[in-house]
Structures are given as structure tokens and as C-alpha cells.
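Given next are the chains, with one letter for each unit.
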Amino acid sequence: GMMQMAGAVLTALCLLGFLDVHFEMGASWRPTPEALEGHELVRTGMFRFARHPMYAVFIWFAVALYLGTTNWILVGMWLTMVFVTVLRIPREEQIMEHIFGDEYTAYRRRVS
């Protein structure tokens, strides 16, 4: 029905967002928070609007998952994974502040 179609469309948008985040981060993307040699502060793509756009995509995917399946068990399992992943944000913020200092502080003030 219409709800499943909305879920499918939102899933496609989430996939595009996920790909955009990885494309914009390029070589800076890592599965765990860490400082890299030659690390650059990404401010393009979705990073213009959100400091952690991948996590926003993950949360929107929970909505898509519900719309597409109406299965609260799947949504609950996904949100549990998202919650555990989002716990990395303080460490990521600490690394970014350490590497970029005032540049990151200004970016953080400008972008939610």
C-alpha cells in the first residue's frame, strides 16, 4: 500500500544519504573514531547541515523500516544498533576538537 511505498521511497533516500556521507568523507571515513594523518574537516554535502549526518540517516531509516514493514521488532533491533553507534559521538567530537581546534568549534556552532 501507500505506507509501504513511502517506506521504500524513504529507504532509497536514506541509501542516497548514506552514500553521500561516505563520498564526502572519502579517505577520512573509518569504522571507529580515530585521528588520521592528513585528516580534513568535511563541510560539504550533508555536513553543511549536520555534524553527524550518517546517524541522522540511520534514524530516518528506522522510520522507513517501520513504514515499509510495520514490524516493531525490526525497528527496535535497528534502533538498538543506532543507539549503540550514536554513543560514539562524544569521542568523535573530542577527536575533532583535538585535531581542528577553533575551526571545529566554529563549525559546531554553525551546524547542528
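Basis of the calculations
Residues numbered from 1 in each chain as written. Predicted model: local features only at pLDDT ≥ 70, side-chain atom pairs only at ≥ 80, totals over all residues. Heavy atoms only, no water. Core = buried A, V, L, I, M, F, W, Y, C linked by side-chain atoms within 4.5 Å. Buried < 20%, exposed > 50% of the residue type's maximum accessible area, 1.4 Å probe, protein only. Helix = DSSP H or I, 4+ residues; strand = E, 2+ residues; numbered from the N terminus. Contact = heavy atoms within 4.5 Å.

**Side note on the nonpolar core**
Counting 13 residues, the largest nonpolar core has L41, F47, F58, M96, F100, Y104 and Y107 as the members making the most contacts within it. Only α2 (53-69), α4 (89-100) and α5 (102-110) provide two or more residues apiece to this core. At 3 residues, α2 tops the list of elements feeding residues into this core. Apart from residues lying up to four places away in sequence, F100 is in contact with H39, E40 and L41.

**Digging into unusual backbone geometry**
Positive phi, close to 50 degrees, is recorded for T70, a residue that is not glycine. With respect to the helices and strands, the residue T70 is situated in the loop between α2 and α3 (72-86). Under the relative-accessibility criterion, T70 is labelled partly exposed at 36%.

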